[in-house]
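# Architecture and fold: a report
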Amino acid sequence: MTFAISLLIIIATAAVVYAIIKTNPNKPKPLPLPTGVPYEPRLPDTAPAVHWSDGGRFMVEVMTESRYQPALQALAGEHGDQAAATQYVATLMPDDHNAYENAAVAVFIEGRMVGYLSPKAALQLRELLRKREAKGQLSTCDAQVRGGALWEGKRLQYVVVLDVEPLEK
């Protein structure tokens, strides 16, 4: 009789453990399926609150992806073989709706999205905006589009550098 009760308890415990493992309550929720359209924030029509400058040093590089290269090529006019980089005014927009990065800062030149600040640089810029009482607002800085030179018959990638004090220390 004791053996039967012990066996029943063991079987019941195994069934409960199996049910817990099978349902996995700590299982992460799957990400939504891609829509086929990459996320791109919209630049609002508001005026920038701050214009940043670091005396023309252009030390902060924007993280660009291959999908921004056509826009950068159009901006630069395939200047890659020239020594001088093309200069613009970049708009920096805190992107609070980005599903992939909770503190993202998008970078636009002439209304075109050209990339994002690195996560660390984005946090630093947001802190600088908060200190200037411009939290979440647009800001601007001078920018250069560099690159695009021909190398072994192929055009090198374009990059954007910003004239804002170094944000990753």
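The paragraphs below set out a description of the structure included in this document. Computed from a prediction, not measured in an experiment: that's the story for all the values here.

Counting 29 residues, the largest nonpolar core has Trp52, Ile109, Leu117, Val160 and Leu162 as its most contacted members. Looking at this core, the elements with two or more residues in it are β1 (50-52), α2 (69-76), β3 (86-95), β4 (104-109), α3 (119-131), β6 (139-147) and β9 (158-162). Top contributing element to this core by residue count: α3, with five residues. Grouped together as the second largest cluster of nonpolar side chains are eight residues, Tyr68, Ala106, Phe108 and Met113 included.

Turning our attention to α2. Taken residue by residue, α2 has Gln69, Ala71, Leu72, Leu75 and Ala76 as its buried positions. Taken end-on, α2 shows its buried residues confined to a sector of 160°, consistent with a single buried face. The outward face of α2, more than 90 degrees from its buried face, is lined by the exposed residues Pro70 and Ala74. The inward-facing, buried residues of α2 abut β3, β4, β5 (112-116), β6 and β9. Remark: glycine 77 follows α2 within two positions and exhibits a positive phi of approximately 65°.

Criteria and thresholds
Residues numbered from 1 in each chain as written. Predicted model: local features only at pLDDT ≥ 70, side-chain atom pairs only at ≥ 80, totals over all residues. Heavy atoms only, no water. Core = buried A, V, L, I, M, F, W, Y, C linked by side-chain atoms within 4.5 Å. Buried < 20%, exposed > 50% of the residue type's maximum accessible area, 1.4 Å probe, protein only. Helix = DSSP H or I, 4+ residues; strand = E, 2+ residues; numbered from the N terminus. Arc of directions from axis to C-beta. Contact = heavy atoms within 4.5 Å.

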